[in-house]
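# Summary of structural features
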Amino acid sequence: MWYVPDTIEDLPSKIRHECRDEDDMAGYTWLKHDGRSFGQQIVRDQRLNVDLETFYLANAAEEGNGWSARIVGRKRLAEFKNQMSVLLYFGIDRSGHIKQKRDSTGSIYYEGFTGDIGSFSIYIRSDNTHAEVHHLGVHMDEGTVWKVKDRVIEHLITRPTGGRSRLGDIVESNANVFVLQLIMHAPFTCDVVLTEKTRKDLNPFLGDHLTSKLQTAAEAFDARFESTFTLSQKNYTQRDIQVAQAALSNLVGGIGYFHGKAIVDRGMVDDKTGLTISNQEREEGPFTLLSAVPSRSFFPRGFLWDEGFHQLLVQSWNADLSRQVIDSWLSLMDTDGWIAREQILGEEARSRVPREFQTQFPHYANPPVLTYPIARFAKDADRPETREWLSVAYGRMIAYYKWLRRTQKGDVERWGRSKKLANGEGYRWRGRQGIHCLTSGLDDYPRPDPPHESELHMDFLAWVGWMARELAEIAGVLGKEKERATLLKDAERVTKSLEVFHWNEEKRLFCDTATYDDGYITLFPLLLGNLPVNSEKVGDVLDVMEELMTGHGLGSLAPSDPLYGTGDNYWRGPIWVNINYLALAGLKNVYASQPGPYRERAEQLYVKLRGDIVKTITAEYERTEFFWEQYDAFDGRGKRSHPFTGWTALVVLIMAEIY
């Protein structure tokens, strides 16, 4: 935590701690992060007139399991003479203990023990010999250490000294959380070291030795990044490569460990509306999740369909880490095959989510994008450990596939549909309310209002067909030929059903059964490769794609649509990187690579779209130092949540042409 120690007024808004949009940062981003042992981050706090650069390095002394961290503070505007208060806190949330001690020089350090890492010691050193040092030790109940900022504010407000806020230099007898305060003028450097045992010689962990080790780690990151994505070989500038490094680093640097209970409502469901009609909310768990997040400030938790996109990039960088994350998600599957679309685990996570969005419903689905990175691992199944892992993951995804088809069925018998196609297939997203269909991932994309049980949702059917083909590929690698044949038949039936139930001959487009919008949903049979390359309908879908081209990427709805830009204007015009990635993947992997009548046109669209989306994201990062949730269809400016380094980080794979 940090703040300017010149007043105790309005401390809650002035003490920085968790990422918050209202802090109005000029930027904060991981410049480099390898997901395991090294990270470099810049935080630009324009209101408090300080830039903080933080570094992390595991095992700096090349022995044991310790780590070193460095905090470098610099003034943004030299004419301001304010000091900065840096608060470093350390706590034990569960079993174990931690104690504050002093060494022979009087400097504070900490010793403790946990079952996870055993004995440890923590040391803090600053290059500012005039730093004013204060401390606080308090007891906090299990599961509440995340509220340490509130505890510090409560302490400071009740103990002001001469109008300036300093900790009271007290330690409660049963303290398990300690706060060390360093008050100093910038520039300053502060090193924090954790070792497995008490040490007298800290030189291998900090100072010049740490500087050298950090430089070596940064150079190793650069070399590994280039060998993985080969961007310099693709003639990208050094600045473009730095933007791509930041995109990857923010995604892997945002991977977090979440633990706690979830609120679930397993009450009765009205199948006509797809809504729960008897409130049976209760806590389930606790559950544990290792996951990336879409946005550290606005969406600091796991989202199911987002994570499928996230892991496409993570697995390209660190396959073992990606498998760990996927395993963690699959461990959340219940006995029916359901995984909650949003993981809001515990009180801390709930504190960042409006109450009406906290409850999860076991009949609500989400696009099965997690299949995508799992299927990618099938290409490396010659390694025994990968093959074994793939077999387990495949079994879990088959359970999810069956759950999707069983619980999200649409009515293909009534309204004359059975006469159109025997044994046809159709699906309907449950949980729609008004103009919103959050379960589809496309939120306010135009659909009938109010919802009706007769609806069949074309994007859902396209997802099912795509998932069947991906699972069939895995089944083939695993030697499960009978299952592979069944899955391919499922995919074939989906293609037929798409053309029978969702093709509008008059408008020459694919659509839901009750709407005819030119937008993202219309593209899904091409995005997901459901259409044969020689189908004349490929040309029609490419027509819609061209209509959605904005010069900055594919917009989510055509400007000619009467609902364009209306309502929340969330998925009604703006550009979304995940759908643009799917479009590029469909073009590159299928329609621009396989012989067919639309191959040349698909190639041209691919080149244009790829150039547009890369230019948009890199230019906006250069202008704002943020990656954004979405981009404006007219001028390419970033919109809504930022930094948003979930699926927007797919720009790295787009640049590297990894689909």
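Scroll up to find the structure.
Residues numbered from 1 in each chain as written. Predicted model: local features only at pLDDT ≥ 70, side-chain atom pairs only at ≥ 80, totals over all residues. Heavy atoms only, no water.

### Some remarks on the pattern of salt bridges
- All chains considered together, the criterion is met by 52 salt bridges.
- The salt bridge partner of Arg44 is Glu625, with a shortest N-O separation of 2.9 Å. Here Arg44, found in strand β3 (residues 38-45), pairs with Glu625, found in the loop between α16 (599-624) and β22 (630-631); they are 581 residues apart in sequence, far enough to count as distant.
- On the basis of relative accessibility, which here comes to 25%, the residue Arg44 falls in the partly exposed class.
- The exposure class of Glu625 is buried, given its relative accessible area of 19%.
- The salt bridge partner of Glu492 is Lys496, with a shortest N-O separation of 3.9 Å. With Glu492 and Lys496 both in helix α12 (residues 481-501), this residue pair falls four residues apart, about one helical turn.
- Several salt bridges converge on common partners, so that one network encompasses Arg16, Arg20, Glu22, Asp23 and Asp45. (Salt bridge = Lys/Arg side-chain N within 4 Å of Asp/Glu carboxyl O. Helix = DSSP H or I, 4+ residues; strand = E, 2+ residues; numbered from the N terminus. Buried < 20%, exposed > 50% of the residue type's maximum accessible area, 1.4 Å probe, protein only.)

### Side note on the side chain of Arg301
- Tracing the chain through its elements places Arg301 in the loop between β17 (281-291) and β18 (302-303).
- When its relative accessible area of 6% is taken as the criterion, Arg301 is described as buried.
- Sequence-distant contacts of Arg301, that is, excluding residues within four places in its chain, are made with Phe258, Ala292, Val293, Pro294, Glu342, Gln343, Ile344, Arg352 and Val353. (Contact = heavy atoms within 4.5 Å.)

### Quick notes on the state of the cysteines
- Taken as a whole, this structure holds zero disulfides when the rule is applied.
- Take Cys19: it sits in no disulfide, and the sulfur closest to it among the cysteines is that of Cys190, at 19 Å.
- By relative accessible area, which is 21% here, Cys19 ends up partly exposed.
- Unpaired in terms of disulfides, Cys511 finds its nearest cysteine sulfur in Cys437, a separation of 16 Å.
- Given a relative accessible area of 5%, Cys511 falls into the buried group. (Disulfide = S-S within 2.5 Å.)

### Looking at the sheet that holds strand β12 (residues 177-184)
- Across the sheet, which stays open at both edges, the five strands sit in the order β1-β6-β12-β10-β11 with mixed pairing between neighbours. Strands at the two margins of the open sheet, each flanked by one partner only, are β1 (2-3) and β11 (170-171).
- Sheet analysis places strand β6 (residues 84-91) next to β12, joined by eight bridges and oriented antiparallel. Residue pairing across strands places Phe90 opposite Phe178, the latter belonging to β12. (Pairing = 2+ DSSP bridges.)

### Side note on the sheet that holds strand β4 (residues 50-58)
- One open sheet holds the eight strands; their spatial order is β2-β3-β4-β5-β13-β9-β8-β7, and the pairing between them is antiparallel. Here the strands that pair on one side only, and so sit at the sheet edges, are β2 (27-33) and β7 (97-102). The sheet shows a mean angle of 15° between the axes of neighbouring strands, direction not considered.
- One ladder, built from six bridges, connects strand β9 (residues 118-126) with strand β13 (residues 188-195); its direction is antiparallel. Bridge pairing in β13 places Ser121 opposite Thr195. (Axes fitted to C-alpha atoms, helices over the stretch in contact; angles between N-to-C directions.)

### Details of the packing of aromatic side chains
- For the structure shown, the criterion picks out 36 aromatic pairs.
- The interplanar angle of 65° and the centroid separation of 5.8 Å between the aromatic rings of Tyr372 and Trp466 together place this pair among those described as edge-to-face. A residue pair is termed long-range when its members are at least 10 positions apart, and Tyr372 in helix α8 (residues 371-377) and Trp466 in helix α11 (residues 458-477) qualify at 94 residues.
- What makes Tyr372 buried here is its relative accessible area of 9%.
- A residue is classified by how much of its surface remains accessible, and Trp466, at 6% relative accessible area, is buried.
- The rings of Phe298, Phe299, Phe303, Trp305, Phe309, Tyr520, Tyr570, Trp571, Trp576, Phe644 and Trp647 are connected pair by pair, giving a single aromatic cluster.
- The side chain of Arg224 reaches across the aromatic face of Trp317, ending 3.8 Å from its centre. (Phe/Tyr/Trp six-rings, centres within 6.5 Å; stacked < 30°, edge-to-face > 60°. Lys NZ or Arg CZ within 6 Å of the ring centre and 35° of its normal.)

### Points about the layout of surface pockets
- Looking at the second largest pocket, its volume works out to about 470 Å³.
- Lining of the second largest pocket is provided by 23 residues; of these, Tyr372, Trp466, Glu470, Asn589 and Val590 occupy positions nearest its centre.
- Taken together, the elements giving at least two residues each to the lining of the second largest pocket come down to α8, α11 and α15 (577-591).
- For the lining of the second largest pocket, the element with the highest residue contribution is α15, accounting for five residues. (1 Å grid on protein atoms, 1.4 Å probe; cavity = no way out; pocket = protein on both sides within 12 Å on 5 of 7 lines; lining within 4 Å. Points joined across faces, edges and corners; volume = space filled by probe spheres on them.)

### Looking at helix α13 (residues 520-527)
- The element α13 is extensively covered by neighbouring structure, given that eight of its eight residues are classed as buried.
- Buried residues of α13: Tyr520, Ile521, Thr522, Leu523, Phe524, Pro525, Leu526 and Leu527, and no others.
- Where α13 is buried, its residues meet α11, β21 (509-510), α14 (537-548) and α15.
- Positive backbone phi, approximately 70°, marks Gly529, located one or two places after α13.

### A look at the nonpolar core
- Counting residues in hydrophobic clusters, the biggest one holds 183 residues, and the most contacted among them are Ile124, Phe225, Phe229, Met545 and Trp571.
- In terms of residue count, α11 provides more of this core than any other element does, 13 residues in total.
- Among the nonpolar cores identified, the runner-up in size contains 16 residues, and Ile15, Leu87, Val177 and Val179 belong to it. (Core = buried A, V, L, I, M, F, W, Y, C linked by side-chain atoms within 4.5 Å.)

### Overview of the pairing of β4
- β4 sits mainly inside the fold: seven of its nine residues count as buried.
- Summarising the sheet, β3 and β4 pair through eight bridges and their orientation is antiparallel. Among the inter-strand pairings, Val43 is bridged to a residue of β4, identified as Leu52.
- Following β3, the chain reverses through four residues before pairing antiparallel with β4; Asn49 in that reversal takes a positive phi of roughly 60°.
- Bridge count between β4 and strand β5 (residues 67-75): nine bridges; the pairing is antiparallel. By the bridge assignment for β5, Leu57 is matched with Ser68.

### Description of the pairing of β2
- Of all seven residues in β2, six are buried; the element is thus mostly enclosed.
- Here β2 folds back onto β3 in antiparallel fashion, the turn holding four residues, of which Gly35 has a positive phi close to 85°.

### Remarks on a negative patch on the surface
- Taken together, the side chains of Glu18, Asp150, Glu154 and Glu348 define an acidic patch exposed on the protein surface.
- Relative to the elements of secondary structure, Asp150 occurs in helix α2 (residues 148-158).
- By relative accessible area, Asp150 is classed as partly exposed at 48%. (Patch = residues over 30% accessible without salt bridge, like charges linked within 9 Å, V, L, I, M, F, W, Y side chains within 5 Å. Areas by Shrake-Rupley, 256 points an atom, 1.4 Å probe, with all protein chains shown as cover. Lys, Arg positive; Asp, Glu negative; His and termini not counted. Charge placed at Lys NZ, Arg CZ, Asp CG, Glu CD.)

### Notes on unusual backbone geometry
- The residue after Ala186, namely Pro187, is reached through a cis peptide bond having omega 5°.
- Assignment of secondary structure puts Pro187 in the loop between β12 and β13.
- Of note, the amide linkage connecting His642 to Pro643 takes the cis form, showing an omega dihedral of -5°.
- Following the sequence through the fold, Pro643 ends up in the loop between β23 (638-639) and α17 (651-656).
- Even without being glycine, Arg508 reaches a positive phi, approximately 55°.
- Turning to its location among the elements, Arg508 is positioned in the loop between β20 (503-504) and β21.
- Residues other than glycine seldom take positive phi values, yet Glu657 does so here, at roughly 55°.
- Assignment of secondary structure puts Glu657 in the segment after α17.

Honestly, that's just the spatial picture; any functional story needs more than this.
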